[in-house]
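In case you want the letters, here they are:
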Amino acid sequence: MTLKKIVKQVGALGVACSMALGALSAQAEETIKVGVLHSLSGTMAISETTLKDTMLMLIEEQNKKGGLLGKQLEPVVVDPASNWPLFAERTRELLEQHGVDAIFGCWTSVSRKSVLPVVEELNGILFYPVQYEGEESSRNVFYTGAAPNQQAIPAVDYLKDEVGVERWVLAGTDYVYPRTTNRILEAYLKANGVAEEDIMINYTPFGHADWQNIVAEIKRFGSAGKKTAVVSTINGDANVPFYRELGNQGVSAEDIPVVAFSVGEEELSGIDTAPLVGHMAAWNYFMSEETPENEAFIKAWHDYIGDTKRVTNDPMEAHYIGFNMWVKAVEAAGTTDTDKVIDAMVGVEVPNLTGGTSKMLPNHHITKPVLIGEIQDDGQFLTVSRTEELAPGDAWSDYLEGSKDLISDWTAPISCGNYNTQTKSCVGATAE
């Protein structure tokens, strides 16, 4: 073969490769990629796997409607495996390697805080669907779960005003969400006249399994002649042995009621709920809500998952709300450009599943109803209390020094997540 022919063939090969790469690039541009960042293994898989499935269902439904901006949505699923540093790595992978336009993910606050600097550095968007401790606001995060004023404070008010509780056990998993939430609740209780000796605080590690001594201690604390309740921020699969031990030691809801912030229908589906009847949870959604929107959502879920026994829960609704808000914001912006979508998100309103409408606020939190439910023997909740109006999520607690003067407003002219109303200055996005 002559040199001239070799050069000609190499040139043709280069053109072919270039065309192939161009075709792949064009194909990639024909879809809008959506990152799904939930633990599919490890201690949090009990809660997060369902949220991955929820996102796949929502994306599939949107694609059946024609997709978004004339393109199909493409889910990109990764498994951070309940490993908090791995959440940051998987987020960087989603944004840098896969080029996703939005991420729906995380459960624990420690995983969210691991992700936060990455989405801020790379200017991504995270939709966070779980109740959290507040004391944070990021331009790149939309908090569709409950802030403390939408769950923790109303739950304590219900126990205090309706149940007559005077002694308080604040029991949680040892990480940022329970510790910060309990710091807020302790300050709130003391501001309402509760003595320090009437507050017991206990923390256990993720995956804690031996609850015998702790439950016995709770029983002793509750035997002082004052009505006692447990406010639980225990997370993940540790809830199963905790509730089992309550049953083993005969701790009934009549004696020492438990109100949980991280136990929903999904967690209860794995245990015998008969001994737990009457214990409570505070959420913004229950599967038992009888609305047309909820009935349609449950049917879609059962059709998608192929199992009518599978339950729905509050973080699933939060993803439902967040995803629909994102779709509307992208449509309004006419693009998936991060900055334009973030600006378009504020003010977006979509139906929730409890019969109302949720609105995205300038602080990147949403309006939500607050529901208190009692556990039934079928693993569902009977709603015993609900707010008359939707509660707007508050990023900063009114009960903590250093926070009570702060507001979050990501719209002009403030454009700050940590604005001090006294000094009229922005001090950053988060405060620790």
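The rules we used
- Here the residue numbers are simple positions, counted from 1 along each chain's written sequence.
- It should be noted that, the model being predicted, local features are given only for residues of pLDDT at least 70 and side-chain atom pairs only at 80 or more, the latter also being counted only at that level, while totals for whole chains, interfaces and linings use all residues.
- Side-chain calculation: all heavy atoms of the structure are included, whereas hydrogens and water are not.
- Within this document, salt bridges are pairs made up of a side-chain nitrogen of Lys or Arg and a carboxyl oxygen of Asp or Glu, the two lying within 4 Å of each other.
- Helix and strand definitions here come from DSSP, where helices need a minimum of 4 consecutive H or I residues and strands a minimum of 2 consecutive E residues; each element is numbered from the N-terminal end.
- For every residue, the accessible area (1.4 Å probe, protein chains only) is compared with the maximum for its type, and the residue is labelled buried under 20%, exposed over 50%, or partly exposed between those bounds.
- Each axis is a line fitted through C-alpha atoms, and for a helix only the stretch in contact is used; angles between axes span 0 to 180 degrees, taken between their N-to-C directions.
- Geometric relationships in this document are graded by angle, where less than 35 degrees denotes roughly parallel, more than 145 denotes roughly antiparallel, 65 to 115 denotes roughly perpendicular, and other angles denote oblique.
- Crossing chirality is assigned from the near helix's rotation relative to the far helix, an anticlockwise turn below a right angle marking it left-handed and a clockwise turn marking it right-handed.
- The criterion used for residue contact is that any of the two residues' heavy atoms lie within 4.5 Å.
- At least two bridges found by DSSP between two strands is the condition for calling them paired.
- A clockwise course of the path from the first strand over the helix to the second, judged with the strands pointing away from the viewer, identifies a crossover as right-handed.
- In the analysis that follows, any N or O atom pair within 3.5 Å is treated as a polar contact, provided that within protein one partner can donate a hydrogen and the other can accept it, and provided that, for residues neighboring in sequence, both atoms belong to side chains.
- The span one expects for a helix is its residue count, reduced by one, times 1.5 Å.

Caption draft 1: Looking closely at the pattern of salt bridges. Within the structure shown, the criterion is met by 19 salt bridges. Here Arg 90 ties to Glu 93 by a salt bridge, and the two come within 3.4 Å at their closest N and O atoms. With Arg 90 and Glu 93 both in helix H3 (residues 84–97) and three residues apart, the pair spans about one turn of that helix. A salt bridge links Glu 289 to Arg 386, with the nearest nitrogen and oxygen atoms 2.8 Å apart. With Glu 289 in the loop between strand E10 (280–283) and helix H10 (292–305) and Arg 386 in strand E15 (residues 381–386), this pair connects stretches of sequence that are 97 residues apart. Overall, the relative accessible area of 8% leaves Glu 289 in the buried class. Look at the salt bridges and you will find they share partners, linking Arg 112, Lys 113, Glu 133 and Glu 136 into a network.

Caption draft 2: Up close: the packing of helix H5 (residues 152–163) against helix H6 (residues 176–191). Two numbers describe how H5 lies on H6: the axes approach to 10 Å, and their chain directions differ by 40 degrees. Considering the angle they form, H5 stands oblique to H6. As H5 packs across H6, the resulting crossing turns out to be right-handed. In this structure, H5 contributes Ala 152, Ile 153, Val 156 and Asp 157 to the contact, and H6 contributes Thr 181, Ile 184, Leu 185, Tyr 188 and Leu 189.

Caption draft 3: Focus on the pairing of strand E6 (residues 167–173). Where burial is concerned, most of E6 is hidden: seven out of the seven residues are buried. Of the two faces of E6, the one carrying Arg 167, Val 169, Ala 171 and Thr 173 and the one carrying Trp 168, Leu 170 and Gly 172 are both buried. As paired elements, E6 and strand E8 (residues 228–233) share six bridges and run parallel to each other. Across the sheet, the residue bridging to Trp 168 is Ala 229, located in E8. Inspection of the sheet shows E6 paired to strand E7 (residues 199–204) by six bridges, in the parallel sense. Its bridge partner being in E7, Ala 171 is matched across the sheet by Asn 202. As for the winding sense of the linkage, the β-α-β connection from E6 through H6 to E7 is right-handed.

Caption draft 4: How the structure looks around the environment of Gln 131. Note that Gln 131 resides in the loop between strand E4 (126–128) and strand E5 (141–143). Classification of Gln 131 as buried rests on a relative accessible area of 3%. Along the sequence, Gln 131 and Gln 150 sit 19 residues apart, while their C-alpha atoms lie 8.7 Å from each other. The residues touching Gln 131, leaving out its near neighbours within four places in the chain, are Gly 145, Ala 146, Gln 151, Tyr 177, Phe 261, Ser 262 and Trp 283. Among the polar contacts made by the side chain of Gln 131, one reaches the main-chain carbonyl oxygen of Phe 261 at a distance of 3.0 Å.

Caption draft 5: How the structure looks around helix H11 (residues 314–333). Between the first and last C-alpha of H11 there are 28 Å, a value that for 20 residues agrees with the 28 Å anticipated at 1.5 Å per step. Summarising burial for H11: 16 of the 20 residues are buried, a large majority. Between a side-chain oxygen at the N-terminus of H11 and the backbone nitrogen of Met 316 the separation is 3.1 Å; the capping residue is Asn 313. Among the residues trailing H11, Gly 334 stands out with phi positive, at a value near 75 degrees.

Caption draft 6: Looking closely at the environment of His 302. For His 302, the position within the fold is in helix H10. Distance in space between the C-alpha atoms of His 302 and Thr 312 is 9.4 Å, their sequence separation being 10 residues. Beyond its immediate chain neighbours, meaning those up to four positions away, His 302 contacts Met 287, Asp 307, Thr 308 and Arg 310. Looking at His 302, its side chain comes within polar contact range of the main-chain oxygen of Arg 310, at 2.7 Å.

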